[in-house]
Amino acid sequence: MQLLESLFFSSFVQSDQFTQFNRDEVEECLKFASRHEEHLKDVLSASQKEMLDKLIHCLEEHHTLDSCNWFVMGFSLGVKITAESFSLGR
């Protein structure tokens, strides 16, 4: 699995590319989240801001690991389907 994880992290995580059908939705969601994060930080104390930053970092890390897991599972499924399609031709 390390090869697939390396492929995921080198090709997808750093690219920030979205598919054409959801690009506008993703950009709108990011703007919404950023706007509300800044508003929240304006009313928090320094220790609360630090706690919020840690929470956001953990959520981003979780999302990245979850996305990697889905990529690996999808890739594995694709390989299984391809292998089965070759074996059906016999």
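Everything discussed here concerns the structure shown above.
Residues numbered from 1 in each chain as written. Predicted model: local features only at pLDDT ≥ 70, side-chain atom pairs only at ≥ 80, totals over all residues. Heavy atoms only, no water.

### Concerning the packing of aromatic side chains
Inference 1: Throughout the structure, instances matching the rule amount to 1 aromatic pair.
Inference 2: Taken together, a centroid distance of 6.0 Å and an interplanar angle of 45° make the contact between Phe71 and Phe75 tilted. Of the two residues, Phe71 and Phe75 are both situated in helix H3 (residues 46-88); the distance of 4 residues between them amounts to about one turn of the helix.
Inference 3: Residue class for Phe71 comes out buried when judged on its relative accessible area of 18%. (Phe/Tyr/Trp six-rings, centres within 6.5 Å; stacked < 30°, edge-to-face > 60°. Helix = DSSP H or I, 4+ residues; strand = E, 2+ residues; numbered from the N terminus. Buried < 20%, exposed > 50% of the residue type's maximum accessible area, 1.4 Å probe, protein only.)

### Concerning the environment of Lys41
Inference 1: As for its placement among the helices and strands, Lys41 is situated in helix H2 (residues 23-43).
Inference 2: Sequence separation between Lys41 and Leu52 is 11 residues; the distance between their C-alpha atoms is 8.3 Å.
Inference 3: Apart from residues no more than four positions distant in its own chain, Lys41 is found in contact with Lys49, Leu52 and Asp53.
Inference 4: Within the local environment of Lys41, its side chain forms a polar contact with the side chain of Asp53, the two groups lying 2.7 Å apart. (Contact = heavy atoms within 4.5 Å. Polar contact = N/O pair within 3.5 Å; in protein donor to acceptor, adjacent residues only side chain to side chain.)

### Some words on the pattern of salt bridges
Inference 1: Within the structure shown, the criterion is met by 3 salt bridges.
Inference 2: We note a salt bridge from Lys41 to Glu37, for which the minimum N-O separation is 3.2 Å. A residue pair is termed a helical-turn pair when its members lie 3 or 4 positions apart in one helix, as Lys41 and Glu37 do in helix H2 at 4 residues.
Inference 3: With a relative accessible area of 25%, Glu37 lands in the partly exposed category.
Inference 4: Where Lys41 meets Asp53, a salt bridge forms, and the shortest distance between an N and an O atom there is 2.7 Å. Taken as a pair, Lys41 in helix H2 and Asp53 in helix H3 lie far apart in primary sequence, 12 residues in all. (Salt bridge = Lys/Arg side-chain N within 4 Å of Asp/Glu carboxyl O.)

### Comments concerning the nonpolar core
Most often, soluble globular proteins keep nonpolar side chains buried together rather than apart.
Inference 1: Counting residues in each nonpolar core, the largest one holds 5 residues, listed as Leu4, Phe8, Cys68, Phe71 and Val72.
Inference 2: Mapped by element, the contributors of at least two residues to this core are helix H1 (2-13) and H3.
Inference 3: Looking at which element gives the most residues to this core, the answer is H3, with 3 residues. (Core = buried A, V, L, I, M, F, W, Y, C linked by side-chain atoms within 4.5 Å.)

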